[in-house]
Amino acid sequence: MRGELYCPLCNYSRDPVPDPVHCPRCGVPLEFRRDLPGISPEDLRGRGIWRYAPFLPDVEPVTLGEGGTPLVESVRIGRELGVELLLKLEGANPTGSFKDRGASVLVSVLRGFGVGTVADDSSGNAAAALAAYAARAGMEAILYVPSHASPKKLAQIEAHGAELVRVPGPRSAAARAVREATGKGGLVYASHNESPYFIQGLKALAYELYEDMGYEVPDHVVVPLGGGGLFLGLYLGFRELMELGWIEREPRISAVQAEACAPIARAWELGEVAPVRVDPVSTVAEGVCIADPPRGREILRALRDNGGAAVAVEEGRIRRAQAELAEREGIYVEPTSAVVLPGLERLLRRGVVKGTETVVLLLTGSGLKGEPGS
Ligand SMILES: [Zn+2]
């Protein structure tokens, strides 16, 4: 595979390997890069994320047709908020969440390396996606999931024949358990929060939005943020579109967390360069509850560079937003995805998003995914 791993903070680089690697100087997860081919949008072929294969790791794809999801206009909420609002329906991906984009590229790269068994920790959606793509690739998957994860997500993971390890306690306990298991060797840590390859699949979203909008980009994109892969993937993708000369200005990207667990939003408000230590309480937005995001410093730096913002939203407002999207727009999303609506309202109040702008809300997962269990 052509390309290299590099540190986003100090530019240390090395050859690609299957496991996530941390910068020996900065301690942050390394990212992947390859030379961008000199092609134009008219040269792209096929559909879904592999339409952007010239910009992805050059491996044989393990694919279920991920990507190519609908971008629809808001019929009511946008008008009331006074913005031109577009909704990207990531629940339309094969396993019901945007994680399929990352899982497809990650599993493809790992199969290329000859890896037979992968492990990850997840609140549910990334584990479900990895279980599906591992099954597709003929690989084994061991997935560490908090025991309070949505029962529907747990059933989905088991349906694909993955080994499901239910870990009692907070989300961080599952992360610790997988680190212990993979630290012994023989098992690759296919971390959706640390692997440089997962983000490559998420990056395709920037290219896709650009094509969805007729070779243009929105003024602002609003995303839920837990581990920050989606945010960083978009940031990376838009940067590449600039480098290719396909766009002349980068959209701003803002990130939304639940107040119950907001290490990045708190750090942003305080002007810190690293995530603030938080003691998370339970939230319906289980997918964005990551108390100590490994890429926190990279996220905060990208936010400063990009000009977006990070905000946190109240628990009660998340549930109401989920109902509003379902009743008034016909779109049923899981609670984690719904955080972007109150997030947008807050960004408008603060003047980060202006009333005349075109805004895309990334609706990350289907409502059929269910809700956290007990
Ligand atoms: Zn470094």
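Residues numbered from 1 in each chain as written. Predicted model: local features only at pLDDT ≥ 70, side-chain atom pairs only at ≥ 80, totals over all residues. Heavy atoms only, no water.

1. Quick word on the nonpolar core
To keep it simple, the criterion reads: Working definition of a nonpolar core: buried Ala, Val, Leu, Ile, Met, Phe, Trp, Tyr and Cys residues. They are joined through side-chain atoms within 4.5 Å. To sort residues, take the accessible area from a 1.4 Å probe on protein chains only and compare it with the maximum for the residue type: under 20% means buried, over 50% means exposed, and anything in between is partly exposed. A run of DSSP states H or I qualifies as a helix once it reaches four residues; a run of E qualifies as a strand once it reaches two. Both are numbered from the N-terminal end. Throughout, the edges of the domains are those of an automatic or database domain assignment.
Counting 87 residues, the largest nonpolar core has Leu143, Ile157, Phe231, Leu234, Phe238 and Leu362 as the members making the most contacts within it. By residue number, the principal contributor to this core is helix α6 (residues 196-212), which donates 10 residues. Each of domain 1 (71-97 + 197-369) and domain 2 (99-189) accounts for three or more of the residues forming this core. Within the second largest apolar cluster, 30 residues are counted, among which are Ile318, Val339, Val353 and Leu361.

2. A look at the coordination of the zinc ion
To keep things clear, this is the line we draw: For Na, K and Ca the donor cut-off is 3.2 Å, while for other metals it is 2.8 Å, and in both cases only N, O and S atoms qualify; water is not among them, so sites may look incomplete. Geometry is assigned from the angles between donors: four donors with all angles from 85 to 135 degrees make a tetrahedral site, four or six donors whose opposite pairs exceed 155 degrees while the rest stay between 65 and 115 make square planar or octahedral sites respectively, and everything else is labelled irregular.
Of the protein atoms, only Cys7 (SG), Cys10 (SG), Cys23 (SG) and Cys26 (SG) coordinate the zinc ion, at distances of 2.2 to 2.3 Å. Of note is the zinc ion, whose four donor atoms meet at the metal with angles of 104 to 113 degrees in an arrangement that counts as tetrahedral. Along the chain, the residues donating to the zinc ion are arranged with the sequence spacing C-x2-C-x12-C-x2-C. Summarising the burial analysis for this pair, Cys23 and Cys26 share the class buried.

3. As for the domain arrangement of the protein
Frequently, the measure chosen for interface size is the accessible area removed from exposure when the parts meet. Filter applied, for reference: Residue contacts are counted whenever heavy atoms from the two residues lie within 4.5 Å of one another. Values labelled buried area give the accessible surface lost by two parts on being combined, using a 1.4 Å probe and summing over both. Between Lys or Arg on one side and Asp or Glu on the other, a salt bridge is scored when a side-chain nitrogen of the former is within 4 Å of a carboxyl oxygen of the latter. Polar contact is the term for a pair of N or O atoms within 3.5 Å; when the atoms are in protein, one must be able to donate a hydrogen and the other to accept it, and sequence-neighboring residues count only if both atoms are side-chain atoms. When residues are grouped by polarity, Ala, Val, Leu, Ile, Met, Phe, Trp, Tyr, Cys and Pro land in nonpolar, Asp, Glu, Lys and Arg in charged, and all others, Gly among them, in polar.
You can read the domains of the protein as domain 1 (71-97 + 197-369) and domain 2 (99-189). Domain 1 and domain 2 are separated by 24 Å when their C-alpha centres are compared. In this assembly, 22 residues from domain 1 lie in contact with 22 residues from domain 2. Overall, the association of domain 1 and domain 2 removes approximately 1900 Å² of surface from exposure, summing both partners, and the carbon and sulfur fraction of that is 52%. The interface formed by domain 1 and domain 2 contains four salt bridges. The interface formed by domain 1 and domain 2 includes 13 residue pairs in polar contact (both at pLDDT 80 or more). The element that contributes the greatest number of residues to the side of domain 1 that touches domain 2 is α6, accounting for eight residues. Considering only residue class, the side of domain 1 that touches domain 2 consists of nine nonpolar, seven polar and six charged.

4. Considerations on the packing of helix α10 (residues 315-329) against helix α12 (residues 340-349)
Note the following rule: Only C-alpha atoms enter the line fits that serve as axes; for helices the fit covers just the stretch in contact. Angles between N-to-C directions range over 0 to 180 degrees. In these notes the angle categories are as follows: under 35 degrees is roughly parallel, over 145 is roughly antiparallel, 65 to 115 is roughly perpendicular, and the rest is oblique.
Across the interface, α10 lies against α12 with an axial gap of 8 Å and an inter-helix angle of 105 degrees. Compared by their axis directions, α10 and α12 come out roughly perpendicular. Of the residues in α12, those in contact with Arg317, Ala321, Glu324 and Leu325 of α10 are Leu341, Pro342 and Glu345. Grouping the amino acids of the contact of α10 with α12 by side-chain chemistry returns four nonpolar, no polar and three charged.

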